[in-house]
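Each chain is listed here by its residues.
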Amino acid sequence: MKKSNPIISIKNLAKSYDDQTHVLKNISFDINKGDVISVIGPSGAGKSTMLRCINQLEIPSKGTIEFHGENIDTLNINTYRSHVGMVFQSFNLFNNRSVLGNCVLPQRTVLKRSKKEAEKIAIENLNLVGMGKRMHFRTNNISGGEKQRVAIARALCMNPEVLLFDEPTSALDPEMTSSVLEVIKTLVKSGMTMVVVTHEMQFAKAVANKLIFMEHGYLLANDTPENVFNSCKDERVNTFLHQEYNIDN
Amino acid sequence: MSLIEQIVYLLNNYGSYFVKGLLATLVLAIIGTLVGLFLGIIFALLRNLKINKQDKAFVKFLKGLGKTLATIHIELWRGIPMMVQAMLVFFGGASIGIVWSALGFSSFFNGYMICGLFVITVNTSAYMAEIVRSGMNGVEDGQMEAARSLGMTYMQTIWKVVIPQALKNSLPTIGNEFIVNIKDSSVLNVIGLTELYASVSAATNRNYFQIAGYLIVAVIYLLLTLCTSLIIRQLSKEKKNGISNPFNVKHFDENKEVSK
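Just so you know, these numbers come straight off a predicted model, no measurement behind them.

With respect to the overall build of chain A
Argument step 1. Along its length, chain A carries nine helices and ten strands.
Argument step 2. For a compact globule of 249 residues, the expected C-alpha radius of gyration is about 18 Å, and chain A comes in at 18 Å, within 12% of that figure.
Argument step 3. Referenced to the eigenvectors of the C-alpha coordinate spread, the extents of chain A come out at roughly 55 × 45 × 35 Å.
Argument step 4. The proportion of buried residues among the 249 residues of chain A is 49%.
Argument step 5. Looking at chain A alone, contacts between residues at least 24 apart form 66% of all its contacts between residues at least 6 apart.

Take a look at the structure:
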């Protein structure tokens with residue numbers, strides 16, 4: 001695959017169900033190397049659907065997604081997905097595997113790594129998220145925050161170029177939320193490219209270099225957090241930030 | 001002769017009949033359940049195929065065909081009594097050139113046994129397909145999505161993530177199916193297969209100790225089903241204990257599983 005910026009380019013993306021329910025309308029933006037993009041907006045805005053379209057868990061109705069300049073429709077979907085990791089709100093750890101097994105299985109099946117190599121990489125990433133000591137635990141026996149950290153380690157084991165986070169802390173209490181956010185901050189420091197759908201406004205403000213605001217399937221703002229928070233001209237964005245998060249321009 | 005004496009007489013003189021019958025019943029139930037389960041998984045997968053809008057016409061046709069064939073197979077073999085199926089396969093075989101009674105690889109795996117195995121396996125596969133399908137439907141969609149989002153193919157996800165969980169969900173029902181097979185294999189005596197039930201007639205046709213004979217096999221059937229229930233219960237319990245005992249590190253070490 002030829003290397004060029006941006007890593008992922010989304011052009012005029014639209015998604016509708018039954019040709020009547022339009023969830024995404026004409027979304028366009030680029031994900032460049034090292035970008036940390038926070039996606040915010042009210043529930044039902046289409047934020048998750050957009051992430052799922054990027055990972056091809058949902059097939060867009062219109063528009064194109066390019067990976068290093070190549071339309072992903074022309075690429076092997078599974079190879080593409082292994083480059084674009086995804087972390088879900090509900091963790092989705094494999095219930096029939098241990099913590100270590102969760103990190104090893106995709107490496108063995110997709111990247112065809114040897115058992116030894118896969119385990120070594122899995123342990124490195126589990127240590128990175130602070131779950132090394134619990135690698136032999138069943139997934140039922142760890143807390144929500146720990147599950148999410150394992151899910152992040154599992155995604156990291158595939159050496160993704162981009163990580164997509166779909167409300168990674170929405171199902172967690174404040175203490176667990178902070179443990180997961182700490183892990184994400186570590187990844188930001190290491191230069192990982194990521195798109196984070198979140199309601200954690202302080203987090204979005206602190207770590208993101210781009211902030212996307214969505215509502216009713218439209219992308220209403222795509223700028224630096226400072227510009228969106230302080231000088232966004234869109235009235236709806238300002239009202240939302242003011243009402244929902246008490247952030248006053 | 002009292003009933004007890006009749007039982008002792010039968011066990012002393014015709015014990016080998018019962019042992020052979022028991023062996024045949026066990027072979028029918030074990031092979032029928034295991035191979036039936038494997039075929040059932042395949043039929044469950046076929047019946048669960050989802051036809052997507054974006055599929056090409058040929059793929060849509062193949063998926064539709066697989067789904068229809070699986071549905072027909074399941075409804076056909078579940079809807080007709082096994083005794084009737086056994087007669088149809090046995091006598092129907094002759095009309096297409098398979099003379100079951102003439103087949104025989106050994107005295108044990110003779111034509112009757114092969115025909116019986118075929119009937120019980122295919123019949124079980126229909127029930128297993130529905131058991132596995134319901135187990136698969138019980139696995140959260142997120143499991144499939146997570147695996148696919150990591151780049152695993154549909155088949156990798158099915159075999160490594162979904163089916164193991166579906167089987168675990170269905171373990172009690174699969175065990176139940178094994179118990180049903182132990183008992184229902186008795187209907188295969190209609191094609192001349194000498195399993196446990198049929199061994200009574202062989203042992204009592206000269207002495208007329210039918211009550212004693214049927215009491216013996218009743219106890220053997222009961223012992224078999226009770227033992228199976230116990231094993232299934234133990235297996236389910238172990239799974240539960242595993243979940244409630246996070247510090248049993250050895251139990252959770254899945255390195256062996258990982259190396260598969």
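Observations regarding the overall build of chain B
Argument step 1. Broken down by element type, chain B carries ten helices and zero strands.
Argument step 2. Across its three principal directions, the C-alpha atoms of chain B cover 75 × 55 × 30 Å.
Argument step 3. In chain B, which comprises 260 residues, the proportion classed as buried is 35%.
Argument step 4. Pairs at least 24 apart in sequence give 76% of the contacts found in chain B among residues at least 6 apart.

What about helix 3 (residues 82–95) of chain B?
All names here are of chain B.
Argument step 1. If you check helix 3, its first and last C-alpha atoms are 20 Å apart, about what 14 residues at 1.5 Å a residue would give, namely 20 Å.
Argument step 2. Among the residues of helix 3, Met82, Gln85, Ala86 and Phe90 are the ones counted as buried. Buried residues of helix 3, viewed axially, fall in a sector of 125°; they line one side. In this structure, helix 3 carries Val84, Leu88, Phe91, Gly92, Ala94 and Ser95 as exposed residues pointing more than 90 degrees from its buried face.
Argument step 3. Those residues of helix 3 that are buried lie in contact with helix 2 (57–79), helix 4 (111–137) and helix 6 (154–184).

As for the pairing of strand 9 (residues 210–215) of chain A
Residues and elements named next belong to chain A.
Argument step 1. With five of six residues buried, strand 9 lies mostly within the body of the structure.
Argument step 2. Relative to strand 10 (residues 218–223), strand 9 is paired through five bridges, and the arrangement is antiparallel. Residue pairing for strand 10: phenylalanine 213 is matched across the bridge by alanine 221.
Argument step 3. The turn joining strand 9 and strand 10, which pair antiparallel and follow one another in sequence, is formed by two residues; a positive phi near 50° is taken by histidine 216.

Quick word on the interface of chain A and chain B
Argument step 1. The interface is formed by 29 residues belonging to chain A together with 27 residues belonging to chain B.
Argument step 2. For the side of chain A that touches chain B, the elements supplying multiple residues, two or more each, are helix 2 (77–83) and helix 3 (99–110) of chain A.
Argument step 3. At six residues, helix 3 of chain A tops the list of elements feeding residues into the side of chain A that touches chain B.
Argument step 4. For the side of chain A that touches chain B, the class distribution of residues is eleven nonpolar, 14 polar and four charged.

What about unusual backbone geometry?
Argument step 1. Even without a glycine there, the phi angle at Asn12(A) is positive, about 50°.
Argument step 2. If you trace the backbone, Asn12(A) turns up in strand 1 (residues 8–17).
Argument step 3. Asn12(A) gets classed as exposed once you count the C-beta atoms within 10 Å, which come to 12.
Argument step 4. With a phi close to 60°, Tyr208(B) is a non-glycine residue in the positive phi region.

Concerning the confidence of the model for chain B
Residue and element names in this part refer to chain B.
Argument step 1. This prediction gives chain B a mean pLDDT of 87; 91% of its residues lie at or above 70.
Argument step 2. The secondary-structure element of chain B with the lowest mean pLDDT is helix 10 (residues 255–258), recorded at 38, while helix 4 shows the highest, at 95.
Argument step 3. pLDDT under 50 marks residues 242–260. Its contacts with residues more than four places away, or in other chains, come to 21 contacts.
Argument step 4. Two numbers describe this predicted complex: its pTM, 0.83, and its ipTM, 0.89.

Description of the packing of helix 2 of chain B against helix 4 of chain B
Residues and elements named next belong to chain B.
Argument step 1. Running from N to C, helix 2 and helix 4 point in directions that differ by 115°, and their axes come no closer than 8 Å. Considering how the two elements wind past one another, helix 2 and helix 4 form a crossing that is left-handed. Counting all contacts with helix 2, which are made through Ala70, His73, Ile74, Trp77 and Arg78, the residues of helix 4 involved are Val122, Asn123, Ala126, Tyr127, Ala129 and Glu130.
Argument step 2. Grouping the constituent residues of the contact of helix 2 with helix 4 by class yields seven nonpolar, two polar and two charged.

Overview of the sheet that holds strand 8 (residues 193–197) of chain A
All names here are of chain A.
Argument step 1. Spatially, the six strands line up as an open sheet ordered 6-7-8-3-9-10, and their pairing is mixed. Only two strands of the sheet have a single partner each, and these edge strands are strand 6 (84–87) and strand 10. Taking each pair of neighbouring strands and ignoring which way they run, the sheet shows an average axis angle of 15°.

Details of the sheet that holds strand 4 (residues 62–67) of chain A
Paired through their backbone hydrogen bonds, the strands of a sheet run either parallel or antiparallel.
Residues and elements named next belong to chain A.
Argument step 1. Reading across from one edge, 2-1-4-5 is the order of the four strands in this open sheet, with antiparallel pairing throughout. Strands at the two margins of the open sheet, each flanked by one partner only, are strand 2 (21–31) and strand 5 (70–71).
Argument step 2. In terms of strand pairing, strand 1 meets strand 2 through seven bridges, oriented antiparallel. Within the sheet, the bridge partner assigned to leucine 13 lies in strand 2 and is isoleucine 27.
Argument step 3. Running at roughly 60° to strand 2, helix 1 (residues 47–54) makes contact with strand 1, strand 2 and strand 4 of the sheet.

Looking at the packing of helix 1 (residues 3–47) of chain B against helix 6 of chain B
The packing of two helices is summarised by the inter-axis angle and the distance between the axes.
Residues and elements named next belong to chain B.
Argument step 1. In contact at an axis separation of 10 Å, helix 1 and helix 6 are set at 145° when each is read in the N-to-C sense. Handedness of the crossing formed by helix 1 with helix 6: right-handed. Touching Thr25, Leu28, Ala29, Gly32, Thr33, Leu37, Ile41 and Leu45 of helix 1 are Ile158, Ile163, Ile174, Glu177, Phe178, Asn181 and Ile182, all from helix 6.
Argument step 2. Among the residues forming the contact of helix 1 with helix 6, the class breakdown is ten nonpolar, four polar and one charged.

Quick word on helix 6 of chain B
Residue and element names in this part refer to chain B.
Argument step 1. Helix length check: helix 6, at 31 residues, gives a terminal C-alpha distance of 36 Å against a target of 45 Å (1.5 Å per residue), a shortfall beyond 12%.
Argument step 2. A maximum bend of about 65° is found in helix 6 at leucine 171, where proline proline 172 lies one to four positions downstream.
Argument step 3. Turning to helix 6, its buried residues are Thr157, Lys160, Val161, Val162, Ala166, Ser170, Ile174, Glu177, Phe178, Asn181 and Ile182.

Cut-offs and rules
- Numbering of residues begins from 1 in every chain and follows the order in which that chain's sequence is written.
- Chains and ligands are labelled sequentially in the order written, the chains with letters from A and the ligands with numbers from 1.
- Where totals are concerned, whole chains, interfaces and linings use all residues; where local detail is concerned, this predicted model gives features only for residues with pLDDT of at least 70, and gives and counts side-chain atom pairs only at 80 or more.
- Helix numbering and strand numbering both begin at the N terminus, where a helix is a DSSP run of H or I of at least 4 residues and a strand a DSSP run of E of at least 2.
- What the globule rule says is 2.2 Å times the number of residues to the power 0.38, and the radius of gyration is computed from C-alpha atoms.
- Buried residues are those with 20 or more other C-beta atoms within 10 Å of their own C-beta, exposed residues have 12 or fewer, and partly exposed residues lie in between; C-beta atoms are placed from the backbone.
- We call two residues in contact whenever the C-beta atoms placed from their backbones are within 7 Å.
- Between the first and last residue of a helix there are one fewer steps than residues, each counted as 1.5 Å, and that sum is the expected span.
- Regarding the arc, it is the one traced by the directions from the helix axis to the C-beta atoms.
- Two strands form a pair only when DSSP identifies at least two bridges running between them.
- Polar here means any residue other than Ala, Val, Leu, Ile, Met, Phe, Trp, Tyr, Cys and Pro, which are nonpolar, and Asp, Glu, Lys and Arg, which are charged; Gly is therefore polar.
- Scored from 0 to 100, pLDDT records how confident the predictor is in each individual residue.
- Axes, fitted as lines to C-alpha atoms, cover a helix only where it is in contact. Angles between the N-to-C directions of the axes lie from 0 to 180 degrees.
- Note: crossing handedness is left-handed where the near helix turns anticlockwise from the far helix by less than a right angle, and right-handed where it turns clockwise.
- The angle between axes fitted to the seven-residue stretch ending at a residue and the seven-residue stretch beginning at it gives the bend at that residue.

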